[in-house]
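Summary of structural features
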Amino acid sequence: MREVFVDRAVELSVLEREYKSNGFRLVVVYGRRRIGKTYLLRFFTNGRDSIYFTAIESSKEILYEELSRIISRRFNVNVLFNRIDDVLDFIRKNTSSRIVLVLDEFQYLVRADHEIPSRIQRFIDENPGVSILLIICGSAVSFFEKELLGYRAPLFGRRTATLRLRPMKFLDVWCFYPRYNAVDALRTYSIFGGTPAYARYVDDSKSVIDNIVENVLKKGSYLYSEAIDLLRQEVRETSTYSSILNAIALGYTKVSEIASLAGISSKTISKYLQLLEQLDIIERIRSLGRRGGEARVEIIDPYFLFWYKYVKPNLSYLELDIVDPVKKRIREEIDLHVAQVLETLARRELVYDILVPRITPLKLVEVGKWWYKGEEIDVVVRGKEKTVFIEVKWSDLDLREADRILDKLEDKALDSKLMKPQNYYVVMARSISGTNKPVEIQDSRVYVDLSRILEQLSPAKKK
């Protein structure tokens, strides 16, 4: 398992700013589990005067006893607290310089003691000048967004910064397996996604397939049941949410189809989809430029998509340690899976990070996709005066094949009614032979050789 700290520069800068600010500061850090919250905060507090407490599911008495023990060690005294404001007041009286107090898995503290948010609110109001940086952290996304950050919540307006940690970008998570070339890095990302705790298990001295077998397919491996385990932590009706994801992985994208297959009323499915969106697992998208029409639902987390496509349907084999048939199917279909992930990755990241900056100055208005009556465009980037139409292909093309794709793309762009005074037509492929540059622009046509441009941005190049 690789120990790496990458990315999170923005988050660290926010924490540094809050640490250097005067008076009491309250920072809320949250995001689904395994996303790197604890790793970030341990990194930030290292070398600083700090108290770090991680709560568990337990009683109020046990939690305060454990917190009191940590504080007793820090101050070399023997104290026992039963209220959070007494903890804060003790720290206030016994420190004269900046101190950081981290309350990790904060949701468990609140479940055990419902008064905690109100007591913290009162302490802040009564002691605004105290030199404490309080960081409350947790992985229960719905709890943080509804009960802690909501308008009616006691701490609303008291927090000085909020950090929602999301999955890492592809170019950053590639740092966990820097010896892989661009093609294998994209294949790996399409399985392990942008969750740093998952990427740490990738051994780039082994093949991508071997990493899948060892970390995902083998019973008892780290990611063998992680999808269900995460859902169990975040939602109550695990089987319902799992049925929804299973339907999407099977290729059903319309909300009405998903509801029918999952056995849910089309009137109530929206609340389930909303929570899955909050967890950064799915996204509901609509065709650009068209009013009305049913939204499509996509699984945007690569690990969840892979798990529901290849692990869940084969659990009867895998539970018996019969891995080879599943491995064979994955080996045969992995590039089909990558193609599906790449389209989403292009729309959500690559157009911002590598494509549009290299084509034209463009003030983005919106990015999405377009479809109508069986025709669709993978990615559409709209500006005020320009539109970029993009087809994404996980295949090796020559110039003739690329031009045929662009001919068809221009026809679809005309039908879309999304054209502006200036338009660009882009084919982004795994490789394009016959081009002189990774991104070659010929008037309004753009040829993007993804392998070549990503190799220029690889972690190996950064060293």
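Residues numbered from 1 in each chain as written. Predicted model: local features only at pLDDT ≥ 70, side-chain atom pairs only at ≥ 80, totals over all residues. Heavy atoms only, no water.

**Re helix H9 (residues 182-192)**
Spelled out, the test is: Here's how the labels work: a residue is buried when its accessible area is under 20% of the maximum for its type, exposed when over 50%, partly exposed in between, all with a 1.4 Å probe on protein chains only. A helix here means a DSSP run of H or I that spans at least four residues, while a strand means a run of E at least two residues long, and both kinds are numbered starting from the N terminus. For the purposes of these results, a polar contact is taken to be a pair of N or O atoms within 3.5 Å, where, inside protein, one atom must be able to donate a hydrogen and its partner to accept one; residues adjacent in sequence count only when each atom of the pair is a side-chain atom.
H9 sits mainly inside the fold: ten of its eleven residues count as buried. Turning to H9, its buried residues are Ala182, Val183, Ala185, Leu186, Arg187, Thr188, Tyr189, Ser190, Ile191 and Phe192. For H9, the side-chain oxygen to backbone nitrogen distance between the N-cap and Val183 is 3.2 Å, and the N-cap itself is Asn181. Downstream of H9 by a residue or two, Gly193 has a phi angle that is positive, lying close to 70°.

**As for the pairing of strand E13 (residues 445-449)**
Threshold: Strands pair, by our definition, only if DSSP identifies at least two bridges between them.
In terms of burial, E13 is a largely internal element, five of the five residues being buried. Sheet analysis places strand E11 (residues 422-433) next to E13, joined by five bridges and oriented parallel. Bridge pairing in E13 links Tyr425 to Arg445. Connecting strand E12 (residues 439-442) to the antiparallel partner E13 that follows it, the hairpin turn spans two residues, and Asp443 within it adopts a positive phi of roughly 60°.

**A word on the packing of helix H13 (residues 238-249) against helix H16 (residues 302-311)**
Rules: Axes here refer to lines fitted to C-alpha atoms; in helices the fit is confined to the stretch in contact. Angles between the N-to-C directions go from 0 to 180 degrees. Angles are sorted into four bins: roughly parallel if under 35 degrees, roughly antiparallel if over 145, roughly perpendicular if 65 to 115, and oblique for all others. Note on contacts: a residue pair qualifies if any of its non-hydrogen atoms lie within 4.5 Å across the two residues. Lys, Arg, Asp and Glu make up the charged group, whereas Ala, Val, Leu, Ile, Met, Phe, Trp, Tyr, Cys and Pro make up the nonpolar group; the residues left over, Gly among them, are polar.
One way to put it is that H13 packs onto H16 with a least axis distance of 9 Å and a crossing angle of 85°. Judged by the inter-axis angle, H13 sits roughly perpendicular to H16. When H13 is examined against H16, the residues Ser242, Leu245, Asn246 and Ala249 are found in contact with a partner set consisting of Phe304, Leu305, Tyr308 and Lys309. Looking at the contact of H13 with H16, its residues break down into five nonpolar, two polar and one charged.

**Examining the environment of Glu332**
Among the secondary structure elements, Glu332 is positioned in helix H18 (residues 324-359). Owing to a relative accessible area of 54%, Glu332 belongs among the exposed residues under this scheme. Among the polar contacts listed, one links the side chain of Glu332 to the side chain of Lys328, at a separation of 2.6 Å.

**A look at the environment of Ala197**
Structurally, the position occupied by Ala197 is in helix H10 (residues 196-199). Residues Ala197 and Ser239, spaced 42 residues apart in sequence, show a C-alpha to C-alpha distance of 25 Å. Ignoring anything within four residues of it in the chain, the contact list for Ala197 reads Arg34 and Tyr222.

**Topic: the sheet that holds strand E4 (residues 132-138)**
A sheet is described by the order of its strands in space; here five strands give the open sequence E2-E3-E4-E1-E5, paired in parallel fashion. Looking along the sheet, the strands with just one partner apiece sit at the ends: strand E2 (50-54) and strand E5 (161-164). Averaged over all pairs of adjacent strands, the angle between strand axes in this sheet comes to 15°, irrespective of strand direction. In this sheet, strand E3 (residues 99-104) lies alongside E2 in parallel orientation, the contact comprising five bridges. Across the sheet, the residue bridging to Tyr52 is Val102, located in E3. Against the sheet, helix H1 (residues 9-20) engages strand E1 (25-30), E3, E4 and E5, with an angle of about 160° to E5. Of the strands in this sheet, E1, E4 and E5 are in contact with helix H7 (residues 141-148), which crosses E1 at around 140°.

**Side note on the sheet that holds E12**
The six strands are arranged E8-E9-E10-E11-E13-E12 in an open sheet whose pairing can be described as mixed. Two strands in the sheet have a free side with no partner beyond their single neighbour: strand E8 (364-372) and E12. Taken pair by pair, the neighbouring strands of this sheet meet at an average axis angle of 25°, ignoring direction. Helix-sheet contacts for H18 involve E8, strand E9 (375-383), strand E10 (386-398), E11, E12 and E13, and the interaxial angle to E10 is about 135°.

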